[in-house]
Amino acid sequence: MRILFVQRNARLGGGTTYLRTLLPALQRRGHQCELMIRPGTGSAGLEAALGKKPSWHPPVAGWAARRIGALIRRERIDLVNTQTTRCAQHALSACKREGIPLVMSLHSITDLTRSMAAVEYARSLVVLSENARQTYAARYPALADKLRLIRLPVDLDRFRPGEQDDDTTRVLYLGRLTRTKGSVALDLVEAIALLLPQFGNMLLTVAGTGSQLKLVRRKASELNRRLGRQVIEVVGATAHPERFISSAEIVVGAGYCALEALAGNCKVIGLGVAGLFGLVTPDNVNEAIAANFGDTGAAWAEIDPPLLADQIRQACERSEPDPQWARKVLQAQFAPDKVAQSVEAIFAEALSK
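The present account deals with the structure reproduced in this document.

Parameters and conventions
Residues numbered from 1 in each chain as written. Predicted model: local features only at pLDDT ≥ 70, side-chain atom pairs only at ≥ 80, totals over all residues. Heavy atoms only, no water. Patch = residues over 30% accessible without salt bridge, like charges linked within 9 Å, V, L, I, M, F, W, Y side chains within 5 Å. Areas by Shrake-Rupley, 256 points an atom, 1.4 Å probe, with all protein chains shown as cover. Salt bridge = Lys/Arg side-chain N within 4 Å of Asp/Glu carboxyl O. Lys, Arg positive; Asp, Glu negative; His and termini not counted. Charge placed at Lys NZ, Arg CZ, Asp CG, Glu CD. Helix = DSSP H or I, 4+ residues; strand = E, 2+ residues; numbered from the N terminus. Buried < 20%, exposed > 50% of the residue type's maximum accessible area, 1.4 Å probe, protein only. Right-handed = clockwise from strand over helix to strand, strands pointing away. Pairing = 2+ DSSP bridges. Axes fitted to C-alpha atoms, helices over the stretch in contact; angles between N-to-C directions. Contact = heavy atoms within 4.5 Å. 1 Å grid on protein atoms, 1.4 Å probe; cavity = no way out; pocket = protein on both sides within 12 Å on 5 of 7 lines; lining within 4 Å. Points joined across faces, edges and corners; volume = space filled by probe spheres on them. Nonpolar A, V, L, I, M, F, W, Y, C, P; charged D, E, K, R; others polar. Disulfide = S-S within 2.5 Å. Core = buried A, V, L, I, M, F, W, Y, C linked by side-chain atoms within 4.5 Å.

Moving on, we come to a positive patch on the surface. A grouping of R8, R11, R86, R114 and R176 is seen on the molecular surface, where their side chains present a positively charged patch. Mapped onto the secondary structure, R86 falls in helix 4 (residues 85-98).

Written out as structure tokens, the structure reads:
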């Protein structure tokens, strides 16, 4: 197959990681992959994954549609796969004009009303968690037959267990510091302060960027100054989360962040847009996957520092008989070649209709 992937921009986040991991796996299966995207902090990784420089994605709908159409003709594209609803709107007229199918990937739960023309034209709607599929099926019953579930591909070679070289308990918050998740990072700083009397050697690293970054840095500086030592480190955006995961014992995050931490044999506390899922264990890992570790479902919608402190305390005190249990789950369900096989089947189905 000759497949055109269309994404808005290459900023660091789940969408960029998804493409960076999936594209090489599809190419190994013999497919020609093209990518249209605007540059961003994740551009280098995407270019390496694709093996060439992606095409530029104009921000204006009509302009984007013309470029998509030209790329379809030049590369004799068989199918277009968009990564946002806005990208689907850009690709719709080009797909109609060239007579090729459209598959929409929905990386989060969002309102489809404004993109309904693209949704109705699309052969399939790809979702990435069970909760997302259930939510879309309930909101848009007429679209239930189009929904297709896949897993997020995780590069297990990139994320490997590290070794702890001291007795410090290292906690890592990994995620965007947006209005929603940034407030959680602030609560996490307070939670660490609550735990210090019991775990005096605990350190928190906050990795991510967004509108709340300055506020989180200010809060961390205040706590460090009050304690007279560095307990909180705020590193901002990172294109290499594996560097921090390899030295962490506990990781707080959702979606890709949680999966990558599990690949590194870290203890994971699921925390995302929907709220706090909590400590992930072999007993509840399937529920955690279904909830995308707090991004599409949660045990607690309301979060405060004492609740976060209790989850971190439980993580510190818990040990598993098999330290490789999470990597075994990921190998069975999230290995890139297995996910690429599922994606390939969805694309083949779309082409056969």
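By the alternation rule, side chains of strand 10 (residues 250-253) split into I250 and V252 and V251 and G253, which are all buried. The parallel pair strand 10 and strand 11 (residues 267-271) is bridged by helix 10 (residues 255-263), and the resulting crossover is right-handed.

Enumeration over the complete set of coordinates arrives at 15 salt bridges. Note that K52 and E34 form a salt bridge whose closest N and O atoms lie 2.7 Å from each other. One end of the pair, K52, is in the loop between helix 2 (43-50) and helix 3 (61-75); the other, E34, is in strand 2 (residues 32-38), with 18 residues separating them in the sequence. We classify K52 as partly exposed; its relative accessible area is 37%. The shortest N-O distance in the salt bridge between D322 and K328 comes to 2.8 Å. Overall, D322 belongs to the partly exposed group, its relative accessible area being 28%.

Okay, the sheet that holds strand 1 (residues 2-9) next. Overall, parallel pairing links the six strands, which are arranged 2-1-3-4-5-6 in an open sheet. Two strands bound the open sheet, and with one partner strand each, they are strand 2 and strand 6 (147-149). Strand-to-strand, the axes of this sheet are offset by a mean angle of 25°, without reference to chain direction. The pairing of strand 4 (residues 102-106) with strand 5 (residues 124-127) spans four bridges and is classified as parallel. Note on strand 5: the bridge partner recorded for L106 is V127. Those strands touched by helix 1 (residues 14-28) are strand 1, strand 2 and strand 4, and its axis lies near 165° from that of strand 1. Running at roughly 130° to strand 3 (residues 79-82), helix 14 (residues 336-352) makes contact with strand 1, strand 3, strand 4, strand 5 and strand 6 of the sheet.

Another aspect to go through is the layout of surface pockets. Of the pockets and cavities examined, the second largest pocket occupies roughly 370 Å³. Taken together, the residues of the lining of the second largest pocket break down into 12 nonpolar, six polar and six charged.

Taken as a whole, this structure holds zero disulfides when the rule is applied. C257 takes part in no disulfide bond, and the closest cysteine sulfur, belonging to C266, lies 12 Å away. Residue C257 is classed as buried on the basis of its relative accessible area of 18%.

Okay, the nonpolar core next. The biggest cluster of nonpolar side chains holds 57 residues, and the ones touching the most others in it are F5, Y18 and F293. When residues in this core are grouped by element, the largest group, seven residues, is from helix 10. Apart from the residues lying within four places of it in its own chain, the contact partners of F5 are L19, L22, L23, L26, C33, E34, L35, M36, N81, Q83 and F347. L186, F199, V216 and L308 belong to the second-largest nonpolar core, a separate cluster that totals 36 residues.

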